[in-house]
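Here is how the chains run, residue by residue.
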Amino acid sequence: MARRSSRKASTAPKRRRIAVTASLLVVALSVAVVVLSVYLIGLDRQIRGRFAGARWALPAQVYAAPMDLYPGMAIGPAELLHELGRLGYREDPRLQSTGSYSPFRRRVDVHLRAFEFWDGPQPERLLSIGFDGGSIGSLKDLASGQPVDIARLDPMLIGSIYPHQGEDRVLVKLDQVPPLLVRGLVAVEDRHFYSHHGISLRAIARAMVANLRAGHVVQGGSTITQQLIKNFFLTSQQTWTRKINEAFMALLLERHFGKDEILEGYFNEVHLGQDGGRAVHGFGLGARFYFNKPLSELEPQEIALLVGLVKGPSYYNPRRNPERARERRDLVLGVFHSDGLIDDATYEAAVHAPLGVDAGRPPGGVERYPAFVELVKRQLRGQYRDEDLVSEGLRIFTTLDPRAQEALERRIVETLPELERRRGMTEGTLEAAGVVTSAEGGDVLALVGGRNVRYAGFNRALDASRPIGSLVKPFVYLTALSRPDRYTLLTELPDEPIELSMPNGQIWRPQNYDKQLHGPQPLYQALVRSLNLPTVRLGLDVGPDAVLQTMHAAGYEGDAVALPSLLLGAVEIAPLQVAQMYSTLAAGGFQAPLSSIREVMTKDGSPLSRYPIKIRQTLADGPVFLVDWALTRVVAEGTGRAAYNVLPPQVVVAGKTGTTDDYRDSWFAGFGADRVAVVWVGRDDNQSSGLSGSSGALPIWARTMKDLGVRGLDPIAPLSVEEVLIDPATALRGDEHCADAVSVPFLSGSAPADWAPCAGRGPNPLDWLRSIFGG
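Given the structure is predicted, the values throughout are model-derived calculations rather than measurements.

Thresholds applied
Residues numbered from 1 in each chain as written. Predicted model: local features only at pLDDT ≥ 70, side-chain atom pairs only at ≥ 80, totals over all residues. Heavy atoms only, no water. Helix = DSSP H or I, 4+ residues; strand = E, 2+ residues; numbered from the N terminus. Contact = heavy atoms within 4.5 Å. Areas by Shrake-Rupley, 256 points an atom, 1.4 Å probe, with all protein chains shown as cover. Buried < 20%, exposed > 50% of the residue type's maximum accessible area, 1.4 Å probe, protein only. Pairing = 2+ DSSP bridges. Axes fitted to C-alpha atoms, helices over the stretch in contact; angles between N-to-C directions. Polar contact = N/O pair within 3.5 Å; in protein donor to acceptor, adjacent residues only side chain to side chain. Phe/Tyr/Trp six-rings, centres within 6.5 Å; stacked < 30°, edge-to-face > 60°. Lys NZ or Arg CZ within 6 Å of the ring centre and 35° of its normal. Core = buried A, V, L, I, M, F, W, Y, C linked by side-chain atoms within 4.5 Å. Salt bridge = Lys/Arg side-chain N within 4 Å of Asp/Glu carboxyl O.

Caption draft 1: The arrangement of the overall build of the chain in detail. Along the chain, the regular secondary structure elements total 23 helices and 32 strands. Put simply, of all contacts in the chain between residues at least 6 apart along the chain, 68% involve residues at least 24 apart. When the accessible surface of the chain is split by element, carbon and sulfur atoms take 53% of a total near 36100 Å².

Caption draft 2: Representation of the pairing of strand E27 (residues 654-659). Extensive coverage of E27 is indicated by the burial of five of its six residues. Bridge analysis of E27 against strand E28 (residues 665-671) gives six bridges, and the strand direction is antiparallel. Across the sheet, Thr 657 pairs through a bridge with Phe 668, a residue of E28.

Caption draft 3: Structural view of helix H22 (residues 697-707). For H22, the buried fraction is high: nine of the eleven residues fall into the buried class. All buried positions along H22 are accounted for by Ala 697, Leu 698, Pro 699, Ile 700, Trp 701, Ala 702, Arg 703, Thr 704 and Met 705. In this structure, the buried residues of H22 make contact with helix H14 (402-423), strand E16 (431-438), E27, E28 and strand E29 (675-682). Where H22 ends, the next residue or the one after it, Gly 709, has phi of about 65 degrees, a positive value.

Caption draft 4: Representation of the sheet that holds E27. Taken in spatial order, the five strands of this open sheet run E17-E16-E29-E28-E27, and their pairing is antiparallel. Two strands bound the open sheet, and with one partner strand each, they are strand E17 (444-448) and E27. Along the sheet, successive strands turn relative to each other by an average axial angle of 5 degrees, direction set aside. Across eight bridges, E16 lies against E29 in antiparallel orientation. Opposite Gly 434, over in E29, you have Val 679 as the bridge partner. Running at roughly 25 degrees to E17, H14 makes contact with E16, E17 and E29 of the sheet. Across the sheet, helix H21 (residues 621-637) touches E27 and E28, and the angle it forms with E27 is around 65 degrees.

Caption draft 5: View of the environment of Ser 688. In this fold, Ser 688 is placed in the loop between E29 and H22. Between the C-alpha atom of Ser 688 and that of Asp 662, which follows or precedes it by 26 residues, the distance is 5.7 Å. The contacts of Ser 688, once residues within four sequence positions are left out, are Asp 662, Tyr 663, Arg 664 and Arg 683. In this structure the side chain of Ser 688 is engaged in a polar contact, spanning 2.6 Å, whose partner is the backbone oxygen of Asp 662.

Caption draft 6: Focus on unusual backbone geometry. Phi angles above zero are rare outside glycine, and Tyr 663 is one such case at about 55 degrees. Structurally, Tyr 663 can be placed in the loop between E27 and E28. The exposure class of Tyr 663 is partly exposed, given its relative accessible area of 32%. The backbone of Ala 731 sits at a positive phi, close to 60 degrees, despite the residue not being glycine. Tracing the backbone shows Ala 731 in the loop between strand E30 (721-727) and strand E31 (732-733).

Caption draft 7: Examining the packing of aromatic side chains more closely. As enumerated under the stated definition, the model contains 14 aromatic pairs in all. Ring geometry for Phe 117 versus Trp 118: centroids 5.9 Å apart, planes at 85 degrees, classification edge-to-face. Between Tyr 524 and Trp 629, the aromatic rings sit 5.2 Å apart at their centres with planes inclined by 65 degrees, giving edge-to-face as the arrangement. With Tyr 524 in helix H17 (residues 523-528) and Trp 629 in helix H21, this residue pair connects regions lying 105 residues apart in the sequence. Cluster of aromatic residues (ring-pair linked, three or more members): Tyr 63, Phe 115, Phe 117, Trp 118 and Phe 397. Directly above the ring of Phe 193 sits Lys 259, whose terminal nitrogen or CZ lies 4.5 Å from the centroid. Lying across the ring of Tyr 315, Arg 324 places its NZ or CZ 3.9 Å from the centre.

Caption draft 8: Spotlight on the nonpolar core. Within the largest apolar cluster, 110 residues are counted, with the highest numbers of intra-cluster contacts made by Leu 69, Leu 447 and Met 551. In terms of residue count, H21 provides more of this core than any other element does, eight residues in total.

Caption draft 9: Examining helix H18 (residues 532-542) more closely. The buried fraction of H18 is high, at eight of eleven residues. When we look at burial in H18, the residues that qualify are Asn 532, Leu 533, Pro 534, Thr 535, Val 536, Leu 538, Gly 539 and Val 542. Summarising the contacts, the buried residues of H18 are in contact with helix H16 (473-481), strand E19 (492-493), strand E21 (507-508), H17 and helix H19 (544-554). A positive backbone phi angle near 100 degrees is found at Gly 543, which sits one or two residues after H18.

Caption draft 10: Highlighting the sheet that holds strand E1 (residues 60-63). If you trace the four strands from one edge of the open sheet to the other, you get E11-E1-E15-E25, paired in mixed fashion. Every interior strand has two partners, whereas the edge strands, strand E11 (157-161) and strand E25 (597-601), have only one. Each neighbouring strand pair of the sheet contributes to a mean axis angle of 20 degrees, computed without reference to strand direction. Pairing of E1 with E11 involves four bridges; the strand directions are antiparallel. Note that in E11 the partner of Ala 60 across the bridge is Ile 161.

Caption draft 11: Quick peek at the environment of Met 73. In this fold, Met 73 is placed in the loop between strand E2 (68-69) and helix H2 (77-86). A C-alpha to C-alpha distance of 8.7 Å links Met 73 and Gly 134, two positions 61 residues apart in sequence. Excluding residues within four positions of it along the chain, Met 73 makes contact with Met 67, Asp 68, Gly 134, Ser 135, Ile 136 and Arg 403.

Caption draft 12: A look at the pattern of salt bridges. Going through the model one piece at a time under the given rule, you end up with 35 salt bridges. The residue Arg 537 makes a salt bridge to Glu 496 at a minimum N-O spacing of 3.9 Å. Pair noted here: Arg 537 is in helix H18 and Glu 496 is in the loop between E19 and strand E20 (500-501), with a separation of 41 residues, a long-range link. Of the residues examined, Glu 496 reaches a relative accessible area of 41% and is grouped as partly exposed. Each member of the salt-bridge network shares a partner with another, and the members are Glu 83, Arg 86, Glu 406, Arg 410, Arg 411, Glu 414 and Asp 707.

Caption draft 13: Inspection of the pairing of strand E15 (residues 395-398) at higher detail. In E15, alternate side chains face the same way, and those of Arg 395 and Phe 397 on one face and Ile 396 and Thr 398 on the other are all buried. Inspection of the sheet shows E1 paired to E15 by three bridges, in the parallel sense. When the bridges of E15 are listed, Gln 61 appears paired with Arg 395. Bridging between E15 and E25 involves four bridges; their strand directions are antiparallel. Bridging across to E25, Arg 395 finds its partner in Met 601.

What follows is the structure, encoded as structure tokens:
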């Protein structure tokens, strides 16, 4: 009995210990379950909240102006094919899909893409474009055989503006994804995608063995679902903690969403490369970024390249590592072939095809037209409310004309080295900026901020305020010609020395460009020859204050002081603002604020309301007509005459050279009937370039205008202007009897009343008698 009692007593503490241990285990397990439950509930809430709601921050897509096609349009077959190539169209005699064309001797057949424009949708269309010499002769719908009045090419995507983080994407629905891409991605990345529940134990076991052998994480066993979780919710850091989170979240994602939803999310989220400061996400943008075409138009080898990039976008970057990318692409094509996704013929054609990566996008990952896109960003803030601009998925239709932009870029890039060689400068010494606008309406068609046209840094077209020199002179003469009781184009101006005492006690002694005196000059000739002394006298007579008012009326927005030096261009203005001022001259005194934005649409297709843009007549049309006439003479016979070394002689244009002290700045600003262009050439260190306006900026201006096929001026005089034949020898009225008579415009009532001696005033009876009797 005693022994049994002692045994019971000895086992009691053991039982209590076991019971306590069990209780502790139960409590610990309960706590663990509670903690895990709370943890999973948090993950579940995060997944449902983010993935089911607004899933992606959509950047604003920025488009160039579309090309309108119509009979009579001045464009030849070669130019059209170049434009189609820029838009990513490909040659296909069968025109099987959108984005294809088939060229013939005198026509080009095109399968146009569907596109949602600001003024309505355009469906896809089969179009035949016939040519008559260097212009379009006819447009015909190939489906109906009916003639077409006008058709529109889809616009070029030139950039993205992302409101938050530096990510970019073009969203696609699963039914918009080519079937080969869907099946091919699953075959390469996750064969058991449709059978697992978010994780693959087989793949995880394989990865664990490899990682244990290496002693650290070297391989993943991620499914497509896990990859989506990593890209969308987590980071790419290779740690056990991240992998555990990834596995739980993958299971939860599959619990709430179907396979098609997960796959669609993957197609829009997967990281496919880097474009400078922005990450390229999704196959929709990947197709644009690498091939300059929509996802629906990709060919098998292009699909295989994108699928291959999933494994390592940087390592297999086709622009930096083409051989490595091709090897990976061909490996993916082999999977497609072995799985029966493509037949033998397709496989053979695909593996022998080039990579086909868009060469138009420069390496290094930058915007296609960074200077212009910067202008768009600034003007968005000025024309739209801030609260509207944070909306996601905006589509911004701009005024950029790719042909004009390409011409301006090419001429700057080609001409600067030529100028440097001529002046014995080190290559890269000179810089340049340029702007091209429409002559009416204020559309900015092209803008270049420097010789490195793809560099998104200092934008000289917007921010380089430089002295404009003689570009100011038309506004001095315009101020004077607005006073017809005192000045006409023929008013004689003295060309004599001037001395002015300045407020600081110094004496200002301006000189002509050639340091010579030329005697009295007709007013228009003083402008044509860009003489400084007559200009200063004229400006002092009308007053620098009045000249500054004229400049403001033309579009100058600066805070210059009305000092005498203003009359010779001692005022710093950026090229874009100079273009604004000369655009007002080109438009007959009507000022249309220069704009790079045509329309902004929300993601649901509604136009975004903007602050109104008003076109106002700020300068009287009569005096402007007179100044414009004088500026045509500047190009025909004055400081701008070198333009006709490039332009056809029958194309009448107007313009003005500008040169600053010590040849630091070279300018040319001018216009035809449809285009205004401004070019600046100089050095960033403000040292002398040795270039005048006619030797530096003018060649770039003239070559650009020729490339654009600028239309010549043929202005109609306003009602306030009369044109009178003038004998230049006497500055009096002339007629057909005066051999060198010139038609000169005058404001009504200001033309000379007296006739020149050479003018015939009707038949002279004495002449008839002399013809009979002789003598």
